[in-house]
Amino acid sequence: MSRFLRAAGLAVSRAMGHASNPRPFSGLFLASDVPSGAGQLGLIRARPGLRDLNALLTPEAFLFDATHVLGAAALRVRPYTGGTVHQFRDIITPAAVAWAEAQGDADLAELQRVLMALVDAGDGRFEDALARLAAERPDRHASRLCTAAVCDMLGRVEEGQQSIAGIPEDACLPHPHEGLWFQVALVAAKLGGAPGAATGSEGRVAAAALQIINRFVSDCHTSVFLTAATALLKRAVKRTCQGLALECGSIFRVVADAATLSSSGHHRGDSDTETAGFFVLQALQALLSAVVLRAPPLSGERVRAALRVAERDLARAVEEGYASAVAALRLLIVLLAARDGRFGDALECYVAEARNDLSDPWPRYLAHVVCVFAGQMEEADKWKASYERLGRGSLEEDIALCTLTDELVVALALGGSPLAFDAQSFPSVVCKIMGAAASRVDVALVSTLRDKKMLVAERLELRAVRAFLHAGVWSALKELKGMNSGSATGPSSSG
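A. Fine view of the overall build of the chain. Helix and strand counts for the chain stand at 22 helices and 0 strands. Taken across its 495 residues, the chain has 55% of its residues classed as buried. Within the chain, counting contacts between residues at least 6 apart in sequence, those at least 24 apart form 73% of the total. Summing over all exposed atoms, the chain offers an accessible surface of approximately 21700 Å²; the carbon and sulfur share of this is 55%.

Structure representation (structure tokens):
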């Protein structure tokens, strides 16, 4: 695999210039030190013939995944993506509904079904979501509000209006569109990749996301970095959506407010904190999608669509004898399989490549990474030892492998790794994903800062975000490493 891939990756890296530097296997870095490898995105975008893949796998899509991981780790919540969605749909929700019905709690059973519909919407399965909601009793307002929101984002305005018609206005809630269920469903549909065909959808998504954040942020695990990032997002929303009334002061006021809010110490119980963190994470991602990047995230359905296109392009490249494209597409298919929660398929591909080329260290190291995140520690140690016996390559090859590893780590975390966001039990793994995700976000920030036409205010805000990123992640890594040194068990993230 990597005989062709290494040559292509190094060539693309040189052509793209020096975006960032991951010191191999060392966690977070300063992005201006040494050039970055091309990564999956560079390898695919270097081939203009792969138009469909380039349209699906945009730089924004990869950035969304990195910010999703970073936000989830900072908020200490597990995102509902990849294998977690499959588990929630097939195991957790049916069991929870059955238990609620056995207890005679119809409201709790309905809540579980509506939440599953929202997860379906966030995964891009809109018809499944609408079918679940339609199955609920017509006198239940939660399902009707969610239906209206999803239809609104799909551009099915008339269907949405029919769903919401007849819902009485509450004295404390002038209009049903202001209800929490409508807001949460609007955000979920945006994250699922709904086009938001209705006029002004960006503003409605932004308003819903901001109300969710304001409602839940004081109840979730927060930090100076996260609070400052939220405040900066609000400033971006204010510039983009002129009709929204937001109080956003100068960048110095943002810093002061962040320090004050993060030290307030107001938290509820663990369960409420996790729920609040989940809603805040979803809202932050929706703001990024609707207002800042103005591009759809990499939802589950989009991942599966990219997989189908990559498999089609791979068959064509094999038939045409395009060896370097075959290598790049095989590597991409493994990444997408991991992102979809199919860790076994990803590992099987790396193992096959390792057997095909006994002198190639790359698939051995990547197999080690998959085993770590799948909780297969003995196998992980075997593959790491196999990798180390072959020895590392040049500095450029190490950097290229480190970039691919960061992307794989982000994919495995969102793919549903049982270890990825459990800081208490596996602090070294969380340390690894925070470093990987932060490095990908930093690459994007450095690339954006190269725009010579950027306004001074925007440049200052981006520099502030980057400063908070470095300070916040270094602080979190220090805490996680302290937890790891005090623990006698758990996998090591070294290498």
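Moving on from the model shown.
B. Quick peek at unusual backbone geometry. We note that arginine 76 has phi near 60 degrees; this positive angle belongs to a residue other than glycine. If you trace the backbone, arginine 76 turns up in the loop between helix H4 (59–75) and helix H5 (83–102). Residue classification places arginine 76 among the partly exposed positions, given a relative accessible area of 40%. Within the chain, arginine 294 stands out as a residue other than glycine whose phi angle is a positive 50 degrees. Relative to the helices and strands, arginine 294 is located in the loop between helix H14 (270–292) and helix H15 (300–320). With a relative accessible area of 52%, arginine 294 lands in the exposed category.

C. Up close: the nonpolar core. Formed by 136 residues in total, the largest nonpolar core has its most connected members in Leu53, Leu57, Leu408, Ile433 and Met434. With 12 residues, the top contributor of residues to this core is H14. Apart from residues lying up to four places away in sequence, isoleucine 433 is in contact with Val69, Ala73, Phe373, Val409, Ala413, Ala420 and Phe421.

D. Broad picture of the packing of aromatic side chains. Applying the stated rule across the entire model yields 5 aromatic pairs. Look at tyrosine 80 and phenylalanine 88: their rings are 4.9 Å apart centre to centre, the planes differ by 80 degrees, and that puts the pair in the edge-to-face class. Since its relative accessible area comes to 33%, tyrosine 80 is described here as partly exposed. Classification of phenylalanine 88 as buried rests on a relative accessible area of 7%. Ring pairs connect the aromatic residues Tyr80, Phe88, Phe216, Phe278 and Phe279, which therefore count as one cluster.

E. Looking closely at the packing of helix H18 (residues 362–373) against helix H19 (residues 377–390). For the pair H18 and H19, the least separation of the axes is 8 Å and the interaxial angle reads 160 degrees. As judged from the angle between their axes, H18 and H19 are roughly antiparallel. At the point where H18 passes H19, the crossing takes the left-handed sense. In this structure, H18 uses Arg364, Tyr365, Ala367, His368, Cys371 and Val372 to contact H19, whose residues at the interface are Met377, Glu379, Ala380, Trp383, Lys384, Ser386, Tyr387 and Leu390. Residues belonging to the contact of H18 with H19 are distributed by class as follows: 9 nonpolar, 2 polar and 3 charged.

F. Broad picture of the environment of leucine 70. Its place among the elements puts leucine 70 in helix H4. Residue leucine 70 is classed as buried on the basis of its relative accessible area, which comes to 6%. Between the alpha carbons of leucine 70 and leucine 469 there is a distance of 9.8 Å; along the sequence they are 399 residues apart.

G. The side chain of arginine 339, seen in detail. Within the secondary structure layout, arginine 339 lies in helix H16 (residues 323–339). Accessibility expressed as a relative area gives 5% for arginine 339, which makes it buried. Ignoring any residue separated from it by four or fewer positions in sequence, one finds arginine 339 in contact with Asp65, Thr81, Gly82, Leu298, Val303, Ala411, Leu414 and Gly415.

H. View of the environment of alanine 295. Tracing the backbone through its elements, the reader meets alanine 295 in the loop between H14 and H15. The exposure class assigned to alanine 295 is buried, which follows from its relative accessible area of 13%. In the structure, alanine 295 is positioned 234 residues away from alanine 61 in sequence and 7.7 Å away in space, judged by C-alpha atoms. When sequence neighbours within four positions are dropped, the list of residues in contact with alanine 295 reads Glu60, Phe64 and Ser289.

I. H5, seen in detail. Spanning 20 residues, H5 covers 28 Å between terminal C-alpha atoms, matching the ideal 28 Å at 1.5 Å per step. Arginine 89 marks the point of greatest bend in H5, at about 40 degrees. Within H5 the residues assigned to the buried category are Gly83, Thr84, Val85, Phe88, Arg89, Thr93, Val97 and Ala100. Its buried side turned inward, H5 meets helix H6 (106–122) and helix H7 (126–134).

J. Representation of the pattern of salt bridges in the model. Inspection of the entire model under this criterion finds 25 salt bridges. Of the charged contacts in the structure, one is a salt bridge between aspartate 120 and arginine 89, with a shortest N-O distance of 3.0 Å. Of the two residues, aspartate 120 is situated in helix H6 and arginine 89 in helix H5; the sequence distance between them amounts to 31 residues. Of the two residues examined, aspartate 120 and arginine 89, each falls in the buried class. The closest approach of N and O atoms between aspartate 123 and arginine 89, which form a salt bridge, is 3.7 Å.

K. Fine view of H19. Spanning 14 residues, H19 covers 20 Å between terminal C-alpha atoms, matching the ideal 20 Å at 1.5 Å per step. Taken as a whole, H19 has its buried residues at Ala380, Trp383, Lys384, Ser386 and Tyr387. Down the axis of H19, the buried side of the element spans an arc of 160 degrees, and every buried residue falls inside it. Facing away from the buried side of H19 by over 90 degrees, the exposed positions are Glu378, Asp381, Lys382, Glu388 and Arg389. Contact partners of the buried residues in H19: helix H17 (343–356), H18 and helix H20 (395–414).

L. Structural view of the packing of H16 against H17. Remark: H16 packs on H17, axes separated minimally by 7 Å, with the N-to-C direction vectors making an angle of 155 degrees. Classified by the angle between their axes, H16 and H17 sit roughly antiparallel to one another. Considering how the two elements wind past one another, H16 and H17 form a crossing that is left-handed. Contacts from Arg330, Leu331, Val334 and Ala338 in H16 reach Phe343, Ala346, Cys349, Tyr350 and Glu353 in H17. Tallied by class, the residues present in the contact of H16 with H17 amount to 7 nonpolar, no polar and 2 charged.

Thresholds applied
- The written sequence of each chain sets the order in which its residues are numbered from 1.
- Note on the predicted model: pLDDT of at least 70 is required for a residue's local features to be given, and 80 or more for side-chain atom pairs to be given and counted; whole-chain, interface and lining totals, by contrast, use all residues.
- Each side-chain value is worked out from all heavy atoms of the structure, with water and hydrogens disregarded.
- Helix and strand definitions follow DSSP, with helices as H or I runs of at least four residues and strands as E runs of at least two, each counted in order from the N terminus.
- Buried, partly exposed and exposed residues are distinguished by accessible area as a fraction of the type maximum, computed with a 1.4 Å probe on protein chains only: under 20%, between the cut-offs, and over 50%, respectively.
- It only takes one pair of heavy atoms within 4.5 Å for two residues to be counted as in contact.
- Note on areas: these come from Shrake-Rupley sampling with a 1.4 Å probe, and a residue is covered only by the protein chains present in the view.
- Within this scheme, the nonpolar core is defined by two criteria: the residues are buried Ala, Val, Leu, Ile, Met, Phe, Trp, Tyr or Cys, and they are joined through side-chain atoms within 4.5 Å.
- Planes of paired rings set the category: under 30 degrees apart is stacked, over 60 is edge-to-face and the rest tilted, where pairs are Phe, Tyr or Trp rings (Trp by its six-membered ring) whose centres lie within 6.5 Å.
- Axis geometry follows a simple rule: fit a line to the C-alpha atoms, using only the stretch in contact for helices, then measure angles between N-to-C directions, giving values from 0 to 180 degrees.
- An angle below 35 degrees is read as roughly parallel, one above 145 as roughly antiparallel, one from 65 to 115 as roughly perpendicular, and any other as oblique.
- Left-handed describes a crossing in which the near helix is turned anticlockwise from the far one by less than a right angle; the clockwise case is right-handed.
- The residue classification treats Ala, Val, Leu, Ile, Met, Phe, Trp, Tyr, Cys and Pro as nonpolar and Asp, Glu, Lys and Arg as charged. All others, Gly included, are polar.
- The span you would expect from a helix comes to 1.5 Å times its residue count less one.
- Here the bend at a residue means the angle between the axes of two seven-residue stretches, the one that ends at it and the one that starts at it.
- Whenever a carboxyl oxygen of Asp or Glu lies within 4 Å of a side-chain nitrogen of Lys or Arg, that contact is scored as a salt bridge.
- Here the arc refers to the set of directions running from the helix axis out to each C-beta atom.

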